[in-house]
Amino acid sequence: QVQLVESGGGLVQAGGSLRLSCAASGRIRSINAMGWYRQAPGKQRELVATITSGGSTNYADSVKGRFTISRDNAKNTVYLQMNSLKPEDTGVYYCNAHVIRSDGIFGVYWGQGTQVTVSS
């Protein structure tokens, strides 16, 4: 009933920038929070950044000062601006959303992921 679609991933050189987008669609009443997670090859998935509908943000220590999460509540969309990218930022980035569906039921949803590759 709810789908998340990520976009904006790609290949970039170290020091470059990328902007990821994630749009939620479907039978949505409201979205309490959205976030980004990533999984590097051979590693566990980790939290990158989260944002509530009210605008409160949380970042992993490794990305503080380089990444910025933002949202457009009217569009049910979350963004991740990634600057000063490093090779260790390489991985699959997944969008996450805490959703109250139109039927009033709460659910946690994930996108399929978008690849980010940072070359040295």
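Our structure is the block above this text.
Here goes a summary of the coordinates provided. Owing to the predicted nature of the structure, the values given are computational and were not obtained by experimental measurement.

A closer look at the overall build of the chain
Okay, step 1: Within the chain one finds zero helices and eleven strands.
Okay, step 2: Secondary structure elements of the chain, listed N to C terminal, follow the sequence β-β-β-β-β-β-β-β-β-β-β.
Okay, step 3: Compactness check: the chain gives a C-alpha radius of gyration of 14 Å against a globular reference of 14 Å for 120 residues, within 12% of the reference.
Okay, step 4: Dimensions of the chain along its principal axes, counting C-alpha atoms only, are 50 × 25 × 20 Å.
Okay, step 5: Of all 120 residues assigned to the chain, the portion counted as buried reaches 42%.
Okay, step 6: In the chain, the share of contacts with a sequence separation of at least 24, taken over all contacts with a separation of at least 6, comes to 54%.
Okay, step 7: Per element, the accessible surface of the chain, about 6,100 Å² overall, is 46% carbon and sulfur.
Okay, step 8: Across the chain, the mean location of the 12 positive side-chain charges is 4 Å away from that of the 7 negative side-chain charges.

Points about the sheet that holds strand β8 (residues 77-82)
Okay, step 1: Taking strand neighbours across the sheet as the criterion, the four strands line up as β1-β3-β8-β7 in an open arrangement whose pairing is antiparallel. Across the chains shown, the open sheet's two edge strands, defined by having one partner strand only, are β1 (2-7) and β7 (67-72). Here the average twist between neighbouring strands, direction ignored, is 15 degrees.
Okay, step 2: Pairing geometry for strand β3 (residues 18-26) and β8, over six bridges, is antiparallel. Counterpart to Leu 18 in the pairing with β8 is Met 82.

Quick look at the environment of Ala 23
Okay, step 1: Note that Ala 23 resides in strand β3.
Okay, step 2: Between the alpha carbons of Ala 23 and Val 118 there is a distance of 24 Å; along the sequence they are 95 residues apart.
Okay, step 3: Look past the residues within four positions of Ala 23 in its chain and what remains in contact with it is Gln 3, Leu 4, Val 5, Asn 76 and Thr 77.

Calculation notes
- Residues numbered from 1 in each chain as written.
- Predicted model: local features only at pLDDT ≥ 70, side-chain atom pairs only at ≥ 80, totals over all residues.
- Heavy atoms only, no water.
- Helix = DSSP H or I, 4+ residues; strand = E, 2+ residues; numbered from the N terminus.
- Rg over C-alpha atoms; globule rule 2.2 N^0.38 Å.
- Buried < 20%, exposed > 50% of the residue type's maximum accessible area, 1.4 Å probe, protein only.
- Contact = heavy atoms within 4.5 Å.
- Areas by Shrake-Rupley, 256 points an atom, 1.4 Å probe, with all protein chains shown as cover.
- Lys, Arg positive; Asp, Glu negative; His and termini not counted.
- Charge placed at Lys NZ, Arg CZ, Asp CG, Glu CD.
- Pairing = 2+ DSSP bridges.
- Axes fitted to C-alpha atoms, helices over the stretch in contact; angles between N-to-C directions.

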